Amino acid sequence: MEREDNMIDIDIKGITPFVTTQEIELSIAKALEAYDTLTSRKGRGNDYLGWLDLPADNNSSNQDRMKQIAAEWKSKAQVVVVIGIGGSYLGAKAALEALVHPFASELEINEGPRIVFAGQNLSQDYMAELVDLLEEKEYAAIVISKSGTTTEPAIAFRIIKNHLETKYGKEEAATRIVAVTDKSRGALKGVASKEGYRTFVIPDDVGGRYSVLTPVGLLPMALAGVDIDQMIKGAAKMRGICMDRSRGNIAVQYAALRNLLYGKGKTTEILVNFNPKLQYFAEWWKQLFGESEGKEGKGLFPASVNFTTDLHSMGQYIQEGERIMFETVLDIRQANRKYSVGSDPSDADGLNFLAGMEVEQVNKKARAGTKLAHIDGGVPNIQLEVERLDASNLGALFYFFEFACGVSAYMLGINPFDQPGVEDYKKNMFALLGKPGYEELGAKLKERL
Ligand code: PA5
């Protein structure tokens, strides 16, 4: 397929020193079996496959409601607090970091209110400093939790709800809160119904880390002025590409190659970017693959680095440390803005050889140089190329990785859609906090501390 059709191109020259063509072909054949498991909807966890069709099912009345809230809040909120954690946080955070001007508030670029996050940690200092901001600004809040019972966002929401009600009164506060949660279950749904908040439903068959293309991700994006129609269009186009059952399917290829490298002892996959706007995209990706595959003693460890920044910190290890890793580089071909290196008559800094060159050209050479150095150092390289960073391509990337993750986890024989291990810390935390019902465990744990 041509580049335009694929939206994402995969360049595998950087793994050829490490694997044979025959091994690649065999792994692609296995990935196609996993593709069949996914698309026939007969594999483990198949009651959580709603995300497969999300971009095609495009719920335009939901999107209209999101845009209405965005228009309403634009005039009355300078800040919107988005409360959520894990899959109810990272997709929105990734999209906003990728697509919104990082200095929008300072420049007063008024595409929408400033979005800040809460409930993604339990830091008291973070909360206190956030409240300092909310004391000064007009604001509104979105609370996102599929279960409606997750401790971190529940605590943050209790604090923010109280603050909003004190600042604006109960009635006005209710117009400044939107809840995104299950259609009927969970404490948050109960609170939303009791207080009369506007709500959006997270579909039953979409798990947290696959929910970025539901209101979980789209509502914060709409509020920040991101073109959610373009995002869905990009994802829908990528869905068509991923659904094509062929050896050339890029999601199948990516899943095949990462599993092939895993089988050769490359147990860590590093997602690499050369653009700081993708830092949180990598965090989203880490959750997606980490929670989907890290089970039953299996799974690649998903890590990430931001180059060239981290070439000055992690570069040494990647070049010469333990040979347990491969890199997947997310390569954005074109910058959205132009900026060149100027010339200096004295050339005191010796940089005139770059005069007139766009900074992105320098970045490209850094990419090429790093790739070759790391391959020489024993680090295989898969390159995923996207034309530019915009809403449509980001939508495509979200869908691409979700699909590839489903295929990849089925290759490992794992259920990609549960997360039993996440419960263990919660049980201990509840027990140590003295939550009713956890007394016995609490006593046992205290003896060990
Ligand atoms: O992917 C997942 O299921 C988790 O990371 C959840 O998104 C996270 O634990 C938050 O859960 P909830 O949305 O129920 O508050």
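That block above? That's the structure.
Residues numbered from 1 in each chain as written. Predicted model: local features only at pLDDT ≥ 70, side-chain atom pairs only at ≥ 80, totals over all residues. Heavy atoms only, no water.

Okay, the environment of leucine 49 next. Relative to the helices and strands, leucine 49 resides in the loop between helix 2 (21-40) and helix 3 (54-57). Sequence separation between leucine 49 and tyrosine 210 is 161 residues; the distance between their C-alpha atoms is 9.0 Å. The residues touching leucine 49, leaving out its near neighbours within four places in the chain, are Leu38, Arg41, Asp205 and Phe417. (Helix = DSSP H or I, 4+ residues; strand = E, 2+ residues; numbered from the N terminus. Contact = heavy atoms within 4.5 Å.)

With that settled, the discussion passes to the site of the ligand. Near the ligand you find 13 residues, and of these Ser88, Ser145, Ser147, Thr150 and Gln287 are the closest. Within the side chain of threonine 150, a nitrogen or oxygen atom sits 2.5 Å from an oxygen atom of the ligand. Glutamate 291 is positioned such that a nitrogen or oxygen atom in its side chain is 3.0 Å from an oxygen atom of the ligand. If the ligand stood free it would expose 380 Å²; the protein chains cover 89% of that surface. More than half of the atoms belonging to the ligand lie within 2 Å of the grid points that define the second largest pocket. Along the lines of polarity and charge, the residues of the shell around the ligand split into one nonpolar, nine polar and three charged. (Near = heavy atom within 4 Å. Polar contact = N/O pair within 3.5 Å; in protein donor to acceptor, adjacent residues only side chain to side chain. Areas by Shrake-Rupley, 256 points an atom, 1.4 Å probe, with all protein chains shown as cover. 1 Å grid on protein atoms, 1.4 Å probe; cavity = no way out; pocket = protein on both sides within 12 Å on 5 of 7 lines; lining within 4 Å. Sits in = over half its atoms within 2 Å of the grid points. Nonpolar A, V, L, I, M, F, W, Y, C, P; charged D, E, K, R; others polar.)

Turning our eyes to something else, we now look at the environment of glycine 45. Looking at the secondary structure, you find glycine 45 in the loop between helix 2 and helix 3. Spatially, the C-alpha atoms of glycine 45 and leucine 260 are 24 Å apart, while their sequence positions differ by 215 residues. The contacts of glycine 45, once residues within four sequence positions are left out, are Asn415 and Phe417.

Bringing the pattern of salt bridges into the picture now. Applying the stated criterion across every chain, the model contains 36 salt bridges. Of the charged contacts, one joins arginine 41 and aspartate 53 as a salt bridge, the two residues approaching to 2.9 Å between their closest N and O atoms. Separated by twelve residues along the polypeptide, arginine 41 in the loop between helix 2 and helix 3 and aspartate 53 in the loop between helix 2 and helix 3 bring together distant segments of the chain. In this structure, aspartate 182 and arginine 185 form a salt bridge, with 3.2 Å as the shortest nitrogen-oxygen distance. Residues joined by salt bridges that share partners form a network here, namely Glu72, Lys76, Glu172, Arg176 and Arg198. (Salt bridge = Lys/Arg side-chain N within 4 Å of Asp/Glu carboxyl O.)

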